[in-house]
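These are the residues of each chain, in order.
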Amino acid sequence: MKAIQSLLVIFFSLFSLSTYPDDKPNIVLILIDDLGLTDIQAYGGEINTPNMDSLAREGMLFTNYHTTPECAPSRAMLLTGMDNHNTGIPMIPEVLPWEYRNTPGYEGYLRDDALTIAEILKPAGYRSYMTGKWHLAFGGHETAALPFNRGFDKTFILDATGGNNFSHHSYLPYYLESPWFKNGKETELPEDFYSSEFFVDQMIEFIEEDKEMDSPFFAYLSFQAQHIPLQAPQEFINKYLTTYEEGWDILREQRKIKAVEKGIFPPDKKIVDSMSALDSWSALDQESKKMATKSMAVFAGMLDAMDFHIGRFISYLKKEGLYENTIFIVTADNGPEGNDPSDHAPWREWFKTTIYDRDYETLGDQDSYVYIGTEFAQAMASPSHLFKFHMSEGGLRVPLIISGPGIERGKNHHFAFVTDITATLSDIVFDKVDERIIGKSLQNSLAGSDEKNYLDSESVGLEVTGNSALFKGDFKIVRNRPPNGSNQWELFNLFEDPGETFNLATSMPNKLQELIEDYEAYAEKNGV
């Protein structure tokens, strides 16, 4: 594989020598973990996110962007422009069955022949930096797959699903301690560590160290926020202590209304009554409401804090005269986390052995283990149905904001996909999208065009951990496993029914069969 990787890099080197201008833009990719479509204010949320909102006002806001429903596959596809089954990360590596690991595409770590954005940009003279969550090197065991060995010049990263935001403690029993690496070597965290703050500090330090170099940079800021355990400095949590006292039903409806007001969701379309199958807020006792309300305050405080530190990074770029020539991409790896760890006996037993607690008074601090649970996750996915791990819109449809030089201001309502990011950056830098990248360049959309990015005859398939979907024109088929799915294909017209409220499988059997055949072709081609 190393030989293939070297040949691909040489190809991009030769191509860049002949085609690329001198004034290449800096690129900042900001990835948020487990974010609902309407968490950011620009999309209809109530949480204070002025810096991301500012980027949205200055650039293009995509309302119909889709990723995968799980973190690692999304990250692999985002960074390579390839299908997850061709990157070695078909699903979260920690739960990948061992018997699959000898199957090509199921290695559990990022393959050498799946070039990252950093590797693609390097021949064009880019310096590449990364801070935050990587999650593509099997806990650091596959050192060749760490970002320092995949095109990034300087890195400080976590190679796990998540971790404590104040210390090295793991958040699940996959690891005794969270695996942190600096420039490819195991490292310790500073004593005053808080993830969002440190990632920005370290990124600024990396850029400062190389500021005399006359070359553009690619900065990948991959935040732990909003992954469990939710944790934030108290001053951010305090802002939201009463915000969610009315409960999840009200929040879901409020966000839908705001999404309509902001042009994110059509005013005349229905949404699924997703809350009716879940626990009722009114049926909760006062103590349960109190815990749920403060847990949401921690979630909101964590996002607020992350946005604050993004603002510090933006201020630094402006001070250094770098902002005006920088493209910003802000997005998420999947929808909100609806899992309640306490539902699982192994987690409960593990929890007893850790430093963590769930005391109300200290909820959100360095030893606190906070999650919002299924009901609030469904509310935060509003106006979509379901959430992380599912192929319904609540798991896939997340924010995408792109701003910077040459990018028009406005909204784009056409379908866009996670692999389009690498395709777009390749197009911006090299004026061409390499054939190994399956995504489409969004250059025309960024220039203000209202043309669709994908032809109605083109299909986009997706499979992660046994859940499947395929998009084609206005239509989508989706198959979710139990307990929130039937493992049967459903058919939706997302143009007429973006809320996925009416299954057309029975009334449109020919269309259903057409998309199923497209999915089967996708699965065969990609070794699903």
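Up top you'll find the structure we're talking about.
The model shown is predicted, which means the values in this text are computed figures rather than measured ones. (Residues numbered from 1 in each chain as written. Predicted model: local features only at pLDDT ≥ 70, side-chain atom pairs only at ≥ 80, totals over all residues. Heavy atoms only, no water.)

### Some points on helix H5 (residues 195-209)
Given a rise of 1.5 Å per residue, 15 residues ought to cover 21 Å, and the 21 Å separating the end C-alpha atoms of H5 matches this to within 8%. Where H5 is concerned, the buried positions are Ser195, Ser196, Phe198, Phe199, Val200, Gln202, Met203, Ile204, Phe206 and Ile207. On its buried face, H5 sits against strand E4 (127-133), strand E5 (154-158), strand E6 (180-182), strand E8 (217-222) and helix H8 (286-319). (Helix = DSSP H or I, 4+ residues; strand = E, 2+ residues; numbered from the N terminus. Expected span 1.5 Å × (residues − 1). Buried < 20%, exposed > 50% of the residue type's maximum accessible area, 1.4 Å probe, protein only. Contact = heavy atoms within 4.5 Å.)

### Points about the environment of phenylalanine 265
Note that phenylalanine 265 resides in the loop between helix H7 (248-261) and H8. Take phenylalanine 265: its relative accessible area is 2%, and that puts it in the buried class. As for phenylalanine 265 and leucine 396, which are separated by 131 residues in sequence, their C-alpha atoms are 15 Å apart. Those residues in contact with phenylalanine 265 that lie beyond four places of it in its chain are Ala259, Val260, Lys270, Ile271, Pro383, Arg397, Pro498 and Gly499.

### Section: the packing of aromatic side chains
Inspection of the entire model under this criterion finds 33 aromatic pairs. With a centroid separation of 5.7 Å and 85° between ring planes, the pair formed by tyrosine 100 and tyrosine 106 is classed as edge-to-face. Of the residues examined, tyrosine 100 reaches a relative accessible area of 39% and is grouped as partly exposed. Looking at tyrosine 106, the relative accessible area reads 10%, which means it is buried. Taken together, a centroid distance of 5.8 Å and an interplanar angle of 65° make the contact between tryptophan 281 and phenylalanine 376 edge-to-face. Placement of the pair is tryptophan 281 in the loop between H7 and H8 and phenylalanine 376 in helix H10 (residues 373-380), with a sequence separation of 95 residues. For tryptophan 281, a relative accessible area of 8% corresponds to the buried category. Owing to a relative accessible area of 0%, phenylalanine 376 belongs among the buried residues under this scheme. Positioned over the ring face of tyrosine 360 is lysine 294, at 4.7 Å from the centre of the ring. (Phe/Tyr/Trp six-rings, centres within 6.5 Å; stacked < 30°, edge-to-face > 60°. Lys NZ or Arg CZ within 6 Å of the ring centre and 35° of its normal.)

### Section: the sheet that holds strand E14 (residues 467-472)
Pairing in this open sheet of four strands is antiparallel, and the strands run E13-E14-E15-E16 from one edge to the other. The strands lining the two open edges of the sheet, one partner per strand, are strand E13 (459-464) and strand E16 (490-493). For this sheet, the mean inter-axis angle between neighbouring strands, taken without regard to orientation, is 15°. Two strands pair when backbone bridges link them, and strand E15 (residues 475-479) and E16 are joined in this way by four bridges, in the antiparallel orientation. The partner of phenylalanine 475 across the bridge, within E16, is asparagine 493. (Pairing = 2+ DSSP bridges. Axes fitted to C-alpha atoms, helices over the stretch in contact; angles between N-to-C directions.)

### Some words on the nonpolar core
Core analysis: the biggest nonpolar cluster contains 153 residues, and Trp134, Phe218 and Tyr369 have the highest contact counts within it. Broken down by element, this core gets its largest block of residues, 16 residues, from H8. Ignoring anything within four residues of it in the chain, the contact list for tyrosine 369 reads Tyr171, Leu172, Ile228, Pro229, Pro341, Trp347, Trp350, Phe351, Tyr356, Asp357 and Arg358. Formed by 13 residues, the second largest nonpolar core is a distinct cluster that contains Leu470, Ala505, Ile516 and Tyr519. (Core = buried A, V, L, I, M, F, W, Y, C linked by side-chain atoms within 4.5 Å.)

### Digging into the sheet that holds strand E7 (residues 185-186)
Strands belonging to one sheet form pairs held by backbone hydrogen bonds; the direction of such a pair is parallel or antiparallel. In spatial order, the strands read E7-E6-E5-E4-E8-E1-E9-E10-E2-E11; together these ten strands make up an open sheet with mixed pairing. Looking at the sheet topology across the chains shown, the edges are occupied by E7 and strand E11 (410-412). Inspection of the sheet shows E4 paired to E5 by five bridges, in the parallel sense. By the bridge assignment, tyrosine 129 is partnered in E5 with lysine 154. Contacting E4, E5, E6 and E8, H5 crosses the sheet at an angle of about 165° to E4. The sheet strands contacting H8 are strand E1 (26-32), E8 and strand E9 (326-332), and the helix crosses E1 at an angle near 175°.

### Side note on the side chain of aspartate 39
Take aspartate 39: it is sitting in the loop between E1 and helix H2 (50-58). Of the residues examined, aspartate 39 reaches a relative accessible area of 0% and is grouped as buried. A distance of 2.6 Å separates the side chain of aspartate 39 from the backbone nitrogen of glycine 36, its partner in a polar contact. Within the structure, aspartate 39 has its side chain in polar contact with the side chain of arginine 255 (distance 2.6 Å). (Polar contact = N/O pair within 3.5 Å; in protein donor to acceptor, adjacent residues only side chain to side chain.)

### So, the packing of H7 against H10
Angle between the axes and distance between the axes: these two values describe a pair of packed helices. Running from amino to carboxyl end, H7 crosses H10 at an angle of 15°, the nearest separation of the two axes being 8 Å. In terms of orientation, H7 lies roughly parallel with respect to H10. Considering how the two elements wind past one another, H7 and H10 form a crossing that is right-handed. In this structure, H7 uses Trp248, Leu251, Arg252 and Arg255 to contact H10, whose residues at the interface are Glu375, Phe376, Gln378, Ala379 and Met380. A breakdown of the residues in the contact of H7 with H10 according to their chemical character gives five nonpolar, one polar and three charged. (Parallel < 35°, antiparallel > 145°, perpendicular 65-115°, else oblique. Left-handed = near helix turned anticlockwise from the far one by under 90°. Nonpolar A, V, L, I, M, F, W, Y, C, P; charged D, E, K, R; others polar.)

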